[in-house]
Structures are given as C-alpha cells and as structure tokens.
Amino acid sequence: MRISLNWLRELVEIKLSPEELAETLTMAGFEVEEIEDRRTWANGVVIGKVLERQPHPNADKLSVCQVDIGADETLNIVCGAANVKADIYVPVATTGTYLPNIDLKIKPAKLRGIASQGMICSLKELGLPTDADGIHIFTQENLPLGSDVRPLLGLDDVILDLTATANRADALSMVGVAREVAALTRGKLSIPEPGEVSIPKNAGNLALKIADTQACPAYIGTVIEQVKIAPSPEWLQQRLRAAGVRPISNVVDITNYVLLEWGQPLHAFDRDRLQSVASSENLTIGVRFANNGESLKTLDGQTRTLTSQNLLITANDKAVALAGVMGGEETEVHQGTQSLVLEAALFDSVAIRRSSRSAGLRSEASGRYERGVNRAELEVANRRALSLISELASGILVQQEIADTRPEPSTWRRSIALRLDRVNQILGPIELGEDTGELQEQDIERILTALGCQLTPSDNVPGEDTTHQARWLVSVPPYRYRDLEREIDLIEEIARLYGYNKFCDTLPEKAEAGYLPLDEELIRKLRAFLRAEGLTELIHYSLVKPGEDRQIVLSNPLFVEYSALRNDLISGLIDAFQYNLEQGNGALNGFEIGQIFWREEDGLQETEALAGIVGGDISLGKWSKSGREEPITWFEAKGILESVFRQLGLQVEFQPDRSDDRLHPGRTASLWIQGNSLGIFGQLHPQLRREKGLPNSVYVFQLDLDVLLNSLGEDEVLVPTFQPYSTYPASDRDIAFFAPVKISVAEIQKVITKAGKDLLESVELFDEYRGENVPQGQRSLAFRLVYRASDRTLTEAEVEPVHNKVREALVEKFGVNLRS
C-alpha cells in the first residue's frame, strides 16, 4: 500500500524523518519497499504567469512567451505546447533546475535562433500521470508568482510503499497505519470521527434481501438523490494519485478515498440504471450465490461466465455486481448520474476469496475482504462516505435500509489472559545499557495500551497457579480481532513494538559440529550411485490429473489438470520420457525421489518412493555399430538396479509378477528384501508403448524408500566387516541340467548356495539354451561353481562330496535332468 506522509500526518503526530519512519516500520514487520520523495521532482519549479505569447519566427509549432515569475525581469521562454496562451498561470522550471523524471537539467539555450531562459512544464514532465496533452494550466486565480509550485501539485509529499503481512488486514488503510505509527512512536492520534448524517425515516422503494447471511453478515444500502457528478476537488485527486489510484469523478473518488482511509470497500450504483435492469421502480437489492452459467459484464469490460462459487449483488434477482470484487458495467456511475444507491457491506473472507479466484479477478476491494474487514467500523466508513457525497456532490439522503446479522457488539472484542513471567520466558532478557534485565509491568501495559488493547489486572487466571507475577486480562480491539487470538500473539506484539534489537543475543554455550541424519546420508549415497549408472534425477509436481483408483482429490484445486495427488511416480516418468522423445531429446534415462499419496479404508496414506525409467540405446556412441540402434535388454536394465544394490550391500530377490497392467506380464518382477516387499521392476506393456509412441524397450522401477532405508540402516549393512582373502587356489566345477522354464535362476542359485555353503565361494550362470534337443517347456542351464577354503588347498576328495550334495539337492528340489 502506498502511504502519503502528508495524509498520514493529519491522522497521527510524526516527528521522524521519512527515512527514520521507514526504518521503524520495517523493523516492526512492515516492509517499506521504496521511499518515493516527490519533493525532488519539482525542486526549483515555480509559479509563473504568461504575459505575452508570440509565434516563433522560424518554427510554426513553437511559441515565444514572456513569463513573469515575480523576479526583476521577465523570462523569455520558447514553448512547443499548443495550449500556451497569454494570461495563464503555469509551472516554470527555471535555469539550473533538474527534472529527474525526464532526466533533464534546464540550461540557457537557443531554439531556432531564439534564446530560452527556462521551460514551461507539463504534469508528465513533473512525474504526475495525466491524460491531458500540453503544459499544465492552473485553474486558481491570483497565485503568488515565483512561489514553490509543489504544494499546489501535491509534490511536497513523500510516499512510502509499504507491504503488510497477510495477517494484518488492519494495515491496509490509512487509519490502520496511523494506529501502528502511534503505537511505535508514541505519537498522538487524530483520527477524524465522521459526524452523524440525517436520513429521513420515510419509507422508500428500496428493500434488501440477503439470501446467505453467513456470506453477507451486514449490508447497508443508502439512496441518494440530486447528485451532481463532477471532477473531485484537487486535494482529493492528489491523495488518490499519491496512493496510485486514478481520479474518475467525485462519487467514485469518494468510495476509493474511504476504502484507502478506513479499509472498508464501498460501491455506488446508478439508481436509475438499477431500476432499468430490475424493470421496476421498486428495487430489491439482494445478495446470493450465482447459478452455473449465469453471466455478468464487469467494470473492466469483460463478460464473465459465473459459477456457484461467485457471490452476487442483484437487483430484483438480476446480477448487477460481483459482491466484494467488482461492480457491473451496466449499473456504473456515469456523467449523467443523478441518483445513487451506495453499498456498504461486510462479506465473508472465504466466500470472496473463492469468488475472486473462480472469476480470475482481484481488486483492491477483494484483497481487503479476503484478509478480513473490521466489522465494527462499517457504519463509521459509511457515514464518512455519505457526508463527503453530501459535501462534494450535493447529494440528498432519502432512504437507508440495513440488514444486519452480526453478533452482539460485546463479542467483537476478545479477552486473552497474559502472564508477565511467560512473556519474559519466551522473549528472554533485554539490554539495559551495560546490564541486562526483564520487561516490567509498565512496559507491557504501555505497549499493549498503545495498540488499543484494554488491560485489566487479574490475580487468578483460570487454569493457572496463583503467583506474585503480574497477570492481565487483555481485551483486544475489534480491528485486531482476527490476528490476536492467543497469549503468544500478544507476546509477539510486545517483542515487535519494544524492538527486536533490544533483546539480548543468546547463543548455545558450546557449539557442536553439524551432521546429517542417517536417512539423509543414505539418500545422498543412493542418488550418487544412480547418477553413476547414467540416470538423471527428475522432479515432478505432486499434483496430477484425477481419475485413478484410490486417488486423493483436492477440494479446492487451482486447475483441473492439477486437482489430485499422485499415487505413484511411474506415470510421471512415462509422460516425461514421451515428452523428451517428442521434443527430439532422445530417450530419457532418469530417476525421481518423491512423495506418493493414496486413500485407504482407514484414511489417507503417504510415503516416499524411488522410481526410475530406462530405455533406448544406452551406449556412448554408435560409430562402432555403423549407426545401428541396439536397445537395452531386460537384463541390462535389471543390471543397473543390481549394481546399485551391490554397492549398497543389499541382497535383493527378483520374483515374477503380473500385478501392474502397465508392465509386460512376462517381463516384470517384484523385488523383495528380507521378506519385505521393496517394489517392482519391469518392461512397459507393448500396448501402452504403442499408445505413447515409445521405443520397444523401456523399463521402469519403483521402490518403497522407507523399506530400502530400513534395510540400509541395519548394523550389518552400515558397518561392513572385513573378509580376508584366501591365499589358496580355487577349484572350479561346472554343472549343467535341464530345468522347467517356470523355475527362476534365483531359486536355483539359492538352493546351490545352501547345499554348498561350507566350501562354495561363488556360483555364476554362464549359459542358457532353448531349442533343439531340449525338452518342451524346459531350458538348458549351465552354472560355474567355485570352491575355496581359507586355510588349505582343497583336494578332489574334499570338493567332490560337496559338489555331489549340490547335484542331489537340485534333483530333489526341482527334479532337474542333469547333463554333467
């Protein structure tokens, strides 16, 4: 919000410089983003009077003017404006003046052979927005020549661009900022109290109908006749411009002025246009939610299709405004307006936020309603607007209707128990010169009283033990009702206003070296291993399109495309793979670590998962293969995972699986670790691959990160034990046999390892054959077994019994047909 210091000084006593005030507000939590010192924009610009205007002898579009600025001699100034003429008062930039907005320093010059001793200025050259072309002409008479032009143009002001936090709705008004400044600087408040306005009690043709009193707790509609629409007085226009608001007309400017002054949005309807829309002289102003498909053309000229989330103002049930957001173009105040209906209302913050978002429209009014408007000052702001309309637009008040369902005024203030010992416990000691101390009772009372709170000493706060420490019941003013709810909120206010920099710095007595949690160390190691395998880490949104089973759908999404939480990572990786192919980037080999969410009968679930995708030709170059593509095989893709597991020191089993219909039913495996389900790995189903336009061989995996980390966190994995190397030679044996295809190599290796565990060092599959001379439904497998002892060279007599034990175990367990 842009704060004019001239306006602020009328509301509160300020003894600080603009820079000091900006620093004070920033330290109190109100960030001052910019100090706009308008006094520098026209420093050296004075009031002058054009005595004579003659055409330039050498240029058709230039004029030679004699200008009196109250000096001993008149100035000869060459001017190019079409509206310059004799007997007008104008702003004159004298020689030596610097105009920062156009980066120009005025120097004596010759224009087409004629000397010029200054410049007659336009408002744009002085930094003020205007729709008028040419130089600025003052409308006042008998202005003192040579006097400073800045007070007349509102350029004797400093603007603070202030940003308030989301919880400080009261700071979105000049009155709210004045209260804050008074609390910070102990300045005297001078907030004007609007006088009472006289409204006849006679019945009129206006009625109110509030369909949803929760969305609209209070509505005041006032009929005003004999209004004269005209430009606002200069003081009002200057204040609006300083706040960044464009002046329009006296009535519209008054509603904007009250919005800025009190933070209460208002809206003025043209009553005759309302009656035209309502098709009746009897008006019923209503508040209701829109019907789906209903439309309204708003003041910005756009016709908006509404939904049931949009709150409407209606005239005889016909939409005329988006409540709390923007008025309708059909009933706006215009130059011919003669009578008004002034709206002053309270709307529910949630209803306005949803309505504004649904319509894709935000305004100064909606921004304040979303944060919360002070319900106790609705009448004050309304009286302020009515008195200004009566004064500046000659309006006559003829009728006022009120619909009020607010709770009793006694409930507009909240009482909070506050303990002095708790304040000091939370905030710690304060600096008192060379010594330290604690906040005292008088400090607490002074600060909270300055905020507008009322303190009542309380010897016994309910639920607390009585001590000699000071205690109060603090009554919070209505304008701070929304953000001061608990004792800790009051403590925060005490720290903020006392000054954060006045509290002692307290550091730990002994610094300790930082360290990463075990899970973080393991995840970083896991990321490094995956990157070493050639996979790139990917990050996707957790929000996806709805439509999956057990999916969690958001109740208030930003977009339909992002209205549900993902229940796996594989879908996002497949889409990313497809996108990269379509963009000509080739196959995407990547992994992602992220949260997944799903719905169970007993509630919502969430866990962290690791997933990856690999496809295409992963070789470094194609020159050795004459440019031919060699897609990655199932075993090569599986080898990437096995390499990572081996580096992590994990023993992971692969078992056939058909549970995921996105994966090839004959090329999918579930992963198990110590009897716990770790995840899934497999090739994409041919049908899905064709639909997505993907290569023949694309493989994906998804692992439960919690199961993986739990296995990695076990001591035998975390702390590797040294295994001494044998200095004695090994003895190799090969074994070949026919085995049913349904028996996995992993099962066979497990049986071999168990049978030869005493002397067996390793077992490796080195051949597989299917075809001629192999029985139907079987395959030929050949394994190499390595036997070794750590303390001796094995003899044939020692190896052969163990090897026979392995053969017997295979026949007994699987019924294999041994060939060797």
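Residues numbered from 1 in each chain as written. Predicted model: local features only at pLDDT ≥ 70, side-chain atom pairs only at ≥ 80, totals over all residues. Heavy atoms only, no water.

Trainee: Give me the overall build of the protein: which residues, what numbers.
Mentor: Looking only at helices and strands, the protein has 21 helices and 42 strands in total. Taken over the C-alpha trace, the protein has a radius of gyration of 41 Å; the compact-globule value for 820 residues is 28 Å, which it surpasses by more than 25%. Of all 820 residues assigned to the protein, the portion counted as buried reaches 47%. Within the protein, contacts between residues at least 6 apart in sequence are counted, and of these 67% link residues at least 24 apart. Carbon and sulfur atoms provide 47% of the accessible area of the protein, an area that totals close to 42,700 Å². (Helix = DSSP H or I, 4+ residues; strand = E, 2+ residues; numbered from the N terminus. Rg over C-alpha atoms; globule rule 2.2 N^0.38 Å. Buried < 20%, exposed > 50% of the residue type's maximum accessible area, 1.4 Å probe, protein only. Contact = heavy atoms within 4.5 Å. Areas by Shrake-Rupley, 256 points an atom, 1.4 Å probe, with all protein chains shown as cover.)

Trainee: Could you give me a rundown of the sheet that holds strand 12 (residues 158-163), with the residues and numbers involved?
Mentor: Read from one edge of the open sheet, 3 strands run 1-12-2, paired in antiparallel fashion. The open sheet is flanked by strand 1 (2-4) and strand 2 (31-37), the only strands paired with a single partner. Across the sheet, the axes of successive neighbouring strands diverge by a mean angle of 25 degrees, strand direction being ignored. Bridge analysis of strand 2 against strand 12 gives 6 bridges, and the strand direction is antiparallel. Residue Glu 36 lies in a different strand from strand 12, and its bridge partner there is Ile 159. (Pairing = 2+ DSSP bridges. Axes fitted to C-alpha atoms, helices over the stretch in contact; angles between N-to-C directions.)

Trainee: So what about a nonpolar patch on the surface? Which residues, and what values?
Mentor: Judged by side-chain polarity, Tyr 541, Leu 558, Phe 559 and Tyr 562 come together as a nonpolar surface patch covering roughly 510 Å² of accessible area. Of note, Phe 559 is situated in the loop between strand 31 (552-553) and strand 32 (564-565). Its relative accessible area of 52% is what places Phe 559 among the exposed residues. (Patch = residues over 30% accessible without salt bridge, like charges linked within 9 Å, V, L, I, M, F, W, Y side chains within 5 Å. Salt bridge = Lys/Arg side-chain N within 4 Å of Asp/Glu carboxyl O.)

Trainee: Which residues make up the side chain of Glu 343, and what values go with them?
Mentor: Counting through the fold element by element, Glu 343 comes out in strand 22 (residues 340-346). Here Glu 343 is buried and forms no salt bridge, its nearest opposite-charge partner Arg 288 lying at an N-O distance of 13 Å. In this structure the side chain of Glu 343 is engaged in a polar contact, spanning 2.8 Å, whose partner is the side chain of Tyr 219. (Lys, Arg positive; Asp, Glu negative; His and termini not counted. Polar contact = N/O pair within 3.5 Å; in protein donor to acceptor, adjacent residues only side chain to side chain.)

Trainee: Hey, could you go over the layout of surface pockets for me, with residue numbers and the actual values?
Mentor: There is about 1,800 Å³ of room inside the largest pocket. Contributing to the lining of the largest pocket are 44 residues, with Lys 638, Glu 642, Phe 654, Ala 746 and Gln 749 lying nearest its centre. Mapped by element, the contributors of at least two residues to the lining of the largest pocket are helix 16 (634-648), strand 35 (653-656), strand 36 (663-673), helix 20 (745-755), strand 40 (760-769) and strand 41 (778-787). Element by element, the count of residues in the lining of the largest pocket is highest for helix 16, at 6 residues. (1 Å grid on protein atoms, 1.4 Å probe; cavity = no way out; pocket = protein on both sides within 12 Å on 5 of 7 lines; lining within 4 Å. Points joined across faces, edges and corners; volume = space filled by probe spheres on them.)

Trainee: Lay out the packing of aromatic side chains in plain terms, naming residues and giving numbers.
Mentor: Under the counting rule described, the total for this entry stands at 10 aromatic pairs. Measuring from centroid to centroid gives 5.7 Å for Trp 235 and Tyr 257, while their planes differ by 85 degrees, and the two rings are edge-to-face. Placement of Trp 235 in helix 5 (residues 234-242) and of Tyr 257 in helix 6 (residues 250-262) is noted, with a sequence separation of 22 residues between them. When its relative accessible area of 34% is taken as the criterion, Trp 235 is described as partly exposed. Taking the relative accessible area as the measure of exposure, Tyr 257 reaches 1% and is therefore buried. Consider the rings of Phe 347 and Tyr 369, whose centres lie 5.1 Å apart with planes at 70 degrees: the pair is edge-to-face. (Phe/Tyr/Trp six-rings, centres within 6.5 Å; stacked < 30°, edge-to-face > 60°.)

Trainee: Which residues make up the nonpolar core, and what are the values?
Mentor: Core analysis: the biggest nonpolar cluster contains 118 residues, and Leu 8, Ile 313, Phe 347 and Leu 418 have the highest contact counts within it. The dominant element in this core, judged by the number of residues it contributes, is helix 4 (residues 174-185), at 8 residues. Here Leu 8 is in contact with Ile 3, Ile 14, Leu 21, Met 174, Val 177, Ala 178 and Val 181, once residues within four sequence places are set aside. Listed in part, the 34 residues of the second largest apolar core include Phe 529, Leu 530, Ile 640 and Leu 648. (Core = buried A, V, L, I, M, F, W, Y, C linked by side-chain atoms within 4.5 Å.)

Trainee: If you had to explain the environment of Asn 291 to someone new, which residues and values would you point to?
Mentor: Inspection of the secondary structure puts Asn 291 in the loop between strand 16 (283-289) and strand 17 (295-297). Residue Asn 291 is classed as partly exposed on the basis of its relative accessible area, which comes to 48%. When the C-alpha atoms of Asn 291 and Thr 305 are compared, they prove to be 9.8 Å apart, with 14 residues separating the residues in sequence.

Trainee: Run through the pattern of salt bridges, naming residues and quoting values.
Mentor: Scanning all chains against the criterion turns up 45 salt bridges. Arg 239 is paired through a salt bridge with Glu 10; the nearest N and O atoms lie 2.4 Å apart. Taken as a pair, Arg 239 in helix 5 and Glu 10 in helix 1 (residues 5-11) lie far apart in primary sequence, 229 residues in all. Arg 239 gets classed as buried once you look at its relative accessible area, which sits at 14%. On the basis of relative accessible area, Glu 10 is assigned to the partly exposed category, the value being 47%. For Arg 550, the salt bridge identified is with Glu 600, shortest N-O distance 3.3 Å. On the criterion of sequence distance, the pair formed by Arg 550 in the loop between strand 30 (543-544) and strand 31 and Glu 600 in strand 33 (residues 590-600) is long-range, its members being 50 residues apart. Given the relative accessible area of 32%, Glu 600 is considered partly exposed.

Trainee: I'd like a description of the packing of helix 20 against helix 21 (residues 796-814), backed by residues and values.
Mentor: Look at helix 20 against helix 21: their axes get within 9 Å of each other, and the N-to-C directions meet at 135 degrees. Considered as vectors, helix 20 and helix 21 are oriented oblique to each other. Our pair here, helix 20 against helix 21, has a crossing hand that is right-handed. On helix 21, the residues touching Glu 747, Ile 748, Val 751, Ile 752 and Ala 755 of helix 20 are Lys 805, Val 806, Ala 809, Leu 810, Lys 813 and Phe 814. A breakdown of the residues in the contact of helix 20 with helix 21 according to their chemical character gives 8 nonpolar, no polar and 3 charged. (Parallel < 35°, antiparallel > 145°, perpendicular 65-115°, else oblique. Left-handed = near helix turned anticlockwise from the far one by under 90°. Nonpolar A, V, L, I, M, F, W, Y, C, P; charged D, E, K, R; others polar.)

Trainee: Give me the lowdown on the environment of Gly 428, citing residues and values where you can.
Mentor: Mapped onto the fold, Gly 428 is located in the loop between helix 11 (420-427) and strand 25 (430-432). C-alpha separation for the pair Gly 428 and Asp 505, spaced 77 residues apart in sequence, amounts to 9.0 Å.

Trainee: With reference to specific residues and values, describe the sheet that holds strand 24 (residues 414-419).
Mentor: Read across the open sheet, the 3 strands follow the order 24-28-27; overall the sheet is antiparallel. For this open sheet the edge positions go to strand 24 and strand 27 (454-457), each flanked by a neighbour on one side alone. The mean angle between the axes of side-by-side strands here comes to 25 degrees, regardless of whether they run parallel or antiparallel. Sheet analysis places strand 27 next to strand 28 (residues 471-476), joined by 4 bridges and oriented antiparallel. Across the sheet, the residue bridging to Leu 455 is Val 474, located in strand 28.

Trainee: Now, about helix 9 (residues 364-371): what can you tell me, with residues and values included?
Mentor: Along helix 9, 6 of the 8 residues are buried, which leaves the element largely enclosed by surrounding structure. Among all positions of helix 9, only Ala 365, Ser 366, Gly 367, Arg 368, Tyr 369 and Glu 370 are buried. Residues of helix 9 that are buried in the fold lie against helix 6, strand 22 and helix 8 (349-359). Phi turns positive, to about 115 degrees, at Gly 372, one or two residues after helix 9.

Trainee: Provide a residue-level description of the side chain of Ser 780, including the pertinent values.
Mentor: With respect to the helices and strands, the residue Ser 780 is situated in strand 41. Overall, Ser 780 belongs to the buried group, its relative accessible area being 3%. Polar contacts involving the side chain of Ser 780 include one to the side chain of Arg 819, which spans 2.8 Å.

Trainee: Break down the pairing of strand 37 (residues 676-684) for me, citing the residues and quoting the values.
Mentor: Across the 9 residues of strand 37, 7 count as buried, placing the element largely inside the fold. Strand direction decides the pairing type here: strand 36 and strand 37, joined by 7 bridges, are antiparallel. For Leu 671, the partnering residue across the bridge sits in strand 37 and is Gly 679. One ladder, built from 5 bridges, connects strand 37 with strand 38 (residues 698-704); its direction is antiparallel. If you follow Gln 683 over to strand 38, its bridge partner there is Tyr 699.

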